[in-house]
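An overview of the molecular structure
For reference, the chains in residue letters:
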Amino acid sequence: VGGGGGASSLLPPRVRVVPPGPESIGATALKGGIHRIESSSVVFEDKQTCVLTLLKYVANIVRKPTDERRRVIRRSNQNFVKRVSEVDGGLAVLEALGFTVVERGLEHQIARDPLGFSYLELSEESALEGCLEGGILRRAWYELVDIARALELPDKKIPGLPPPARPVAAFDPFKSNITSLADVPSSRINKDIPGKTEARLAALKAEAEEKEKLVKKEAAKRASSSSGGGGREA
């Protein structure tokens, strides 16, 4: 089996991997579909192609779940038919992921060619949910990677996944909106009350003025002493 030079760092190690997250109806159906692919009567290479195609579907959706083009499959597409739908279990895996059959087109077009205007579609909401850690799409990737290795697919052919996104925290209207404990600039409160910066500058200025007065005083004292000494010498 080939090495993992071109695969993502998220590829699980070469042991039986238990996908994260609790079991669900979708996860159970997913395992059933994958088992059917593994037990299918098609030739070995067709099983490999089916699993690899499903992995690409999953990885593409997880990378960009809001892209509708990645979530819609035309059922009459010959590549899809040959690689997935003709392999027992292929459609079952997609159904477990949440894909549903949708007809797109005018009524007379659909009546004339039902399959030509029939699509498998995964909703954006389901895609976003499935991309989270423990979501069905990520579970599917782990399960499919496991069967891909059992079918002797090299790691370099297995598409990797980006890290799971964290759920966005809901806005809490009762939570304080304070973002910093730093002093508010004086201009925002009262111009008569100096802020820390203004107070520090004022103190430095006063200190400089005091030093200047002392220097002048010392200079005047020395000048006075010099003039007095000169008179005694005369």
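As a convention, each chain's residues are numbered from 1 in the sequence order in which they are written. The predicted origin of the model limits local features to residues at a pLDDT of at least 70 and limits the giving and counting of side-chain atom pairs to 80 or more, whereas totals for whole chains, interfaces and linings rest on all residues. Excluded from the side-chain calculations are hydrogens and water; all other atoms, namely the structure's heavy atoms, are used.

Where an unreviewed UniProt entry is consulted, the protein appears under the name PUB domain-containing protein, with the organism given as Octactis speculum.

Numbering of helices and strands runs from the N terminus, with a helix taken as a DSSP run of H or I at least four residues long and a strand as a DSSP run of E at least two residues long. Secondary-structure assignment places Thr53 in helix α2 (residues 44-63). Categorising residues by exposure relies on relative accessible area from a 1.4 Å probe, with only protein chains included: less than 20% of the type maximum marks a residue as buried, more than 50% marks it as exposed, and the intermediate range marks it as partly exposed. Overall, Thr53 belongs to the buried group, its relative accessible area being 10%. Between the alpha carbons of Thr53 and Pro159 there is a distance of 10.0 Å; along the sequence they are 106 residues apart. In contact with Thr53, other than residues within four places in its own chain, are Arg83 and Val84. By definition in these notes, contact holds between two residues if any of their heavy atoms fall within 4.5 Å.

Note on ring pairs: Phe, Tyr and Trp rings are taken, using the six-membered ring of Trp, and paired if centres are within 6.5 Å. Classes follow the plane angle, with under 30 degrees stacked, over 60 edge-to-face and the rest tilted. According to the stated counting rule, one finds one aromatic pair in the structure shown. With a centroid separation of 5.4 Å and 90° between ring planes, the pair formed by Trp141 and Tyr142 is classed as edge-to-face. Residue Trp141 is classed as buried on the basis of its relative accessible area, which comes to 1%. Residue classification places Tyr142 among the partly exposed residues on the basis of a relative accessible area of 22%. A ring is considered to have a charge above it if a Lys NZ or an Arg CZ atom is located within 6 Å of its centre and within 35 degrees of its normal. Above the plane of the ring of Phe117 lies Arg74, whose end atom (NZ or CZ) is 6.0 Å from the centre. A cation over a ring is seen here: Arg104 above Tyr119, with NZ or CZ 5.8 Å from the ring centre.

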